[in-house]
Amino acid sequence: MTMRSLRVRDALVYRDHVQAIKSGLVSIIFTCNQLIHLYSNHGLWQEAHKLFDEMPHPNVFSWNAIIMAYIKAHNLTQARTLFDSASHRDLVSFNSMLSAYAGADGYETQALNLFNRMQSARDTIGIDEFTLTTMLNLAAKLRKMDMALNVFWKNPELNDTVSWNTLIAGYAQNGYMEKSLTLLVEMIENGIGFNEHTLATVLSACSGLKCLKLGKSVHAWVLKKGYSSNQFISSGIVDFYSKCGNIRYAELVYSEIGIKSPFAVASLIAGYSSQGNMTEAQRLFDSLSERNSVIWTALCSGYVKSQQCEAVFRLFREYKVKIPSTLSRQRRILVGKDKQFEDKRTLADYDIQEGSTLHLVQFCCAFMLSISEGLLNLHGSLEIF
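A brief structural summary.

Conventions and cut-offs
- Residues numbered from 1 in each chain as written.
- Predicted model: local features only at pLDDT ≥ 70, side-chain atom pairs only at ≥ 80, totals over all residues.
- Heavy atoms only, no water.
- Helix = DSSP H or I, 4+ residues; strand = E, 2+ residues; numbered from the N terminus.
- Contact = heavy atoms within 4.5 Å.
- Areas by Shrake-Rupley, 256 points an atom, 1.4 Å probe, with all protein chains shown as cover.
- Core = buried A, V, L, I, M, F, W, Y, C linked by side-chain atoms within 4.5 Å.
- Buried < 20%, exposed > 50% of the residue type's maximum accessible area, 1.4 Å probe, protein only.
- Expected span 1.5 Å × (residues − 1).
- Polar contact = N/O pair within 3.5 Å; in protein donor to acceptor, adjacent residues only side chain to side chain.
- Salt bridge = Lys/Arg side-chain N within 4 Å of Asp/Glu carboxyl O.
- Disulfide = S-S within 2.5 Å.
- Axes fitted to C-alpha atoms, helices over the stretch in contact; angles between N-to-C directions.
- Parallel < 35°, antiparallel > 145°, perpendicular 65-115°, else oblique.
- Left-handed = near helix turned anticlockwise from the far one by under 90°.
- Nonpolar A, V, L, I, M, F, W, Y, C, P; charged D, E, K, R; others polar.

Below, the discussion takes up the overall build of the protein chain. A count of helices and strands for the protein chain gives 22 helices and 0 strands. Summarising the internal contacts of the protein chain: among those between residues at least 6 apart in sequence, 59% fall at separations of at least 24. Of the accessible surface of the protein chain, which amounts to about 20000 Å², a share of 53% is contributed by carbon and sulfur atoms.

Encoded structure:
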């Protein structure tokens with residue numbers, strides 16, 4: 001039953017809790033709350049709810065535990081039902097539902113309504129830094145940056161490094177690069193300390209604007225503050241110099257990176273490609289012992305830009321051999337989405353011959369790009385087309 005679904009360590013905790021309840025050594029409510037968390041962490045929603053129903057006087061921690069259990073189960077309807085019926089609610093209860101709504105697709109309206117309710121009862125419910133950051137992320141997701149700015153300035157006492165970073169990143173992600181840099185200046189003027197996340201966002205904005213002077217200043221700050229060992233930031237610097245056309249600097253930074261991230265490699269390949277230097281792009285590609293879809297797509301895109309069709313076909317053939325499981329998975333996705341693949345084939349199933357039309361080349365590249373989308377999202381958009 002329950003014990004079979006628990007890891008050994010948690011099973012021991014479960015046993016000790018039960019024994020403690022029987023012996024009367026600890027608070028039954030406290031122990032039951034702990035067990036609800038334990039059950040929900042292992043997907044035992046029915047057991048968690050059964051235990052909750054058996055509690056004679058659940059407190060606010062009990063209600064929060066069972067609400068969070070259903071949020072973890074992605075059952076927001078049941079979570080909201082429990083939230084509305086709770087005899088005890090605190091800021092954690094509201095933040096839990098708010099965060100769940102904001103992070104799920106299709107529940108943005110519920111998130112906005114709940115936040116408005118929190119603001120109207122601010123004296124009794126309250127709002128904290130977590131609330132603010134959640135709403136800033138939601139506004140960026142909805143591309144409503146005016147709303148984000150309004151929420152941000154209405155709560156100046158909550159504006160810390162995290163909220164500033166979230167606001168700046170929201171503007172950068174939505175294409176408002178200049179505004180994100182303006183906010184950075186305001187952040188510094190307000191005496192708010194920045195960290196590696198701030199620098200990574202600013203580098204992204206500098207890349208988008210191709211602002212070499214400011215980007216170099218950020219690079220100098222990275223070196224001064226000792227952030228150069230941060231793989232994410234170093235990769236962002238490589239991307240920045242590559243997009244600004246300063247390949248020599250990009251190569252120098254890349255050479256100093258210990259473990260090369262796929263994003264850094266793809267950025268340098270894209271930099272070589274933008275200058276028409278496919279020889280160096282191919283050399284870098286060949287030097288890698290492991291290549292993921294992001295890297296394959298970067299090189300393929302470079303050959304498409306330089307209209308070297310034969311090279312694209314050669315890459316795609318290699319790609320079909322090297323990553324067959326990915327192709328198979330992508331084939332199932334395409335079959336399910338498009339009626340033109342009723343015979344359960346994609347262009348990848350046919351032998352591609354040299355001399356085929358350019359749209360087949362572009363298909364090859366788009367095909368690999370669709371596979372790599374998830375990886376690209378880790379670092380923002382990579383300009384390879």
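Back to the text.
What follows deals with the nonpolar core. Within soluble globular proteins, side chains that are nonpolar tend to cluster in buried spots. Among the nonpolar cores identified, the biggest contains 101 residues, and Ile-66, Leu-167 and Ile-269 are the most heavily contacted of them. If we skip the residues at most four places from it in the chain, Leu-167 touches Leu-136, Met-145, Ala-148, Leu-149, Phe-152 and Leu-183.

Helical periodicity: at 3.6 residues per turn, an α-helix aligns residues three or four positions apart in one direction. Helix length check: helix α9 (residues 129-141) (13 residues) gives 18 Å between terminal C-alpha atoms against 18 Å at 1.5 Å per residue, within 8%. Turning to α9, its buried residues number three or more, namely Thr-131, Leu-132, Thr-133, Thr-134, Met-135, Leu-136, Leu-138, Ala-139 and Ala-140. Tucked inside the fold, the buried residues of α9 contact α7 (91-103), α8 (108-120), α10 (145-154) and α11 (161-173). Here α9 starts with a cap whose side-chain oxygen sits 3.1 Å from the backbone nitrogen of Phe-130, and that cap is Asp-128. Trailing α9 by a residue or two, Arg-143 shows a phi angle of about 60°, which is positive.

Before going further, it helps to examine helix α5 (residues 60-72). For α5, with 13 residues, the first-to-last C-alpha span of 18 Å sits near the 18 Å given by 1.5 Å per residue. Of all 13 residues making up α5, 10 are buried, and the element is well covered by its neighbours. All of the buried residues along α5 are Val-60, Ser-62, Trp-63, Asn-64, Ala-65, Ile-66, Ile-67, Ala-69, Tyr-70 and Ile-71. The opening residue of α5, the one whose side-chain oxygen lies 3.1 Å from the backbone nitrogen of Phe-61, is Asn-59. Immediately downstream of α5, the backbone of His-74 shows phi near 60°, a positive value.

Here Tyr-171 lies in helix α11. When its relative accessible area of 5% is taken as the criterion, Tyr-171 is described as buried. Taking C-alpha positions, Tyr-171 is 9.9 Å from Asp-146, a pair spaced 25 residues apart along the chain. The contact partners of Tyr-171, leaving out residues within four places of it in the chain, are Met-145, Asp-146, Leu-149, Tyr-176, Met-177, Lys-179, Ser-180 and Leu-183. A polar side-chain atom of Tyr-171 sits 3.3 Å from the main-chain carbonyl oxygen of Met-145.

Moving on to the pattern of salt bridges. Following the criterion strictly, the structure yields 8 salt bridges and no others. When the shortest N-O distance is used, the salt bridge between Lys-50 and Glu-54 registers 2.7 Å. Taken individually, Lys-50 and Glu-54 each receive the classification exposed, so the pair is uniform in this respect. For Glu-108, the salt bridge identified is with Lys-141, shortest N-O distance 3.1 Å. Here Glu-108, found in helix α8, pairs with Lys-141, found in helix α9; they are 33 residues apart in sequence, far enough to count as distant.

Moving on, we come to the state of the cysteines. A covalent bond between the sulfur atoms of two cysteines is referred to as a disulfide. Counted by the stated rule, this structure contains 0 disulfides. Summary of cysteine pairing: Cys-206 is not part of a disulfide, and the nearest cysteine sulfur, belonging to Cys-211, is at 5.3 Å.

With that out of the way, let us pick up the packing of helix α19 (residues 293-305) against helix α20 (residues 309-322). Viewed as axis vectors pointing N to C, α19 and α20 meet at an angle of 165°, and their least axial separation amounts to 9 Å. Considered as vectors, α19 and α20 are oriented roughly antiparallel to each other. You can see that α19 and α20 cross each other, and the crossing is left-handed. For the pair α19 and α20, contact is made by Ser-293, Trp-296, Leu-299, Cys-300, Tyr-303 and Val-304 and by Ala-311, Val-312, Arg-314, Leu-315, Glu-318, Tyr-319 and Lys-322, respectively. Taken together, the residues of the contact of α19 with α20 break down into 9 nonpolar, 1 polar and 3 charged.

All right, on to the side chain of Ser-180 then. Along the chain, Ser-180 falls in helix α12 (residues 177-189). Accessibility expressed as a relative area gives 1% for Ser-180, which makes it buried. Within the structure, the side chain of Ser-180 is placed 2.5 Å from the backbone oxygen of Met-177, a separation counted as a polar contact. With residues near it in sequence (within four places) discarded, Ser-180 still touches Ile-168, Tyr-171, Ala-172 and Ala-205.

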